[in-house]
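Understanding the architecture of this molecule
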Amino acid sequence: MTIREDDIEREMEERNICFICHNENNENGDCPVCNNPSTYGVNFQFGDRVYHPEYGNGIFLKKRGHSAFLLKEFNSFDDFRGLFVPIEDLELIPHPDTVRLDWLEKNQFELGTHYDDDGLGFIDLRYVVYQPDKQGCRIKLSDEKSYRQAIDKAMQQEQEK
């Protein structure tokens, strides 16, 4: 008699047992040991951008025991595939807006707005990144049409120093 992997998985599902550590699953079908973030030191959330050394960037969908299911783009925007990979191989890719906010907080920069009058009757709302100095004044680092552009320009200027 040959035992197939599908048969083993079906049997474990029927018994409500974890595929990895063989503990009993909870009422949601999740293993309390494998789904505990402290077990593996990683706590990815649905939709997190992740990096895998072999497959590159992907989107984290679900964790199952020691494995993660992620969505990976291949060749074109229409060609997506799901992959199961070891969860310990994944690295979190921070969202660009989170990187911007962390940079602002770390450097204690401030955001602001002002109206720019071009002299012809047109008023343009501008977004600014300020750096406070020791005397309590604010030094304008960038002045752009959006906060993202203003922060990116200020970050670039800081890197070039």
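In this text, all values refer to a predicted model and were calculated from it rather than measured experimentally.

Glancing now at the pairing of strand 7 (residues 123-132). Sheet topology note: the strand 6 (residues 110-117)/strand 7 ladder contains eight bridges and is antiparallel. Counted as the bridge partner of Thr113 is Tyr127 from strand 7. Examined bridge by bridge, strand 7 and strand 8 (residues 138-144) share six bridges and lie antiparallel to one another. Opposite Val129, over in strand 8, you have Ser142 as the bridge partner.

This paragraph deals with unusual backbone geometry. Of note in the backbone geometry, Gln108 takes a positive phi value of approximately 55 degrees without being a glycine. Along the chain, the position of Gln108 falls in the loop between helix 3 (96-107) and strand 6. For Gln108, a relative accessible area of 59% translates into the label exposed.

With that settled, consider the confidence of the model for the chain. On average, residues of the chain carry a pLDDT of 76, and 71% of them reach 70 or more. Across the chain, strand 1 (residues 49-52) holds the top mean pLDDT of 88, while helix 2 (residues 37-40) sits lowest at 55.

With respect to the element layout, Glu144 can be found in strand 8. Given the relative accessible area of 19%, Glu144 is considered buried. There is a polar contact of 3.2 Å between the side chain of Glu144 and the side chain of Lys153. The contacts of Glu144, once residues within four sequence positions are left out, are Arg126, Tyr127, Gln149, Ala150 and Lys153.

A few words now on the packing of helix 3 against helix 4 (residues 147-160). The geometry of helix 3 relative to helix 4 is characterised by a closest axis approach of 11 Å and an angle of 60 degrees between their N-to-C directions. Between helix 3 and helix 4, the angle falls in the class oblique. Crossing hand, helix 3 versus helix 4: left-handed. On helix 4, the residues touching Asp97, Val99, Arg100, Trp103 and Leu104 of helix 3 are Arg148, Ile151, Asp152, Ala154, Met155 and Glu158. Residues that form the contact of helix 3 with helix 4 fall into these classes: six nonpolar, no polar and five charged.

So, how was this worked out
- Residues numbered from 1 in each chain as written.
- Predicted model: local features only at pLDDT ≥ 70, side-chain atom pairs only at ≥ 80, totals over all residues.
- Heavy atoms only, no water.
- Pairing = 2+ DSSP bridges.
- Helix = DSSP H or I, 4+ residues; strand = E, 2+ residues; numbered from the N terminus.
- Buried < 20%, exposed > 50% of the residue type's maximum accessible area, 1.4 Å probe, protein only.
- pLDDT = per-residue confidence, 0-100.
- Polar contact = N/O pair within 3.5 Å; in protein donor to acceptor, adjacent residues only side chain to side chain.
- Contact = heavy atoms within 4.5 Å.
- Axes fitted to C-alpha atoms, helices over the stretch in contact; angles between N-to-C directions.
- Parallel < 35°, antiparallel > 145°, perpendicular 65-115°, else oblique.
- Left-handed = near helix turned anticlockwise from the far one by under 90°.
- Nonpolar A, V, L, I, M, F, W, Y, C, P; charged D, E, K, R; others polar.

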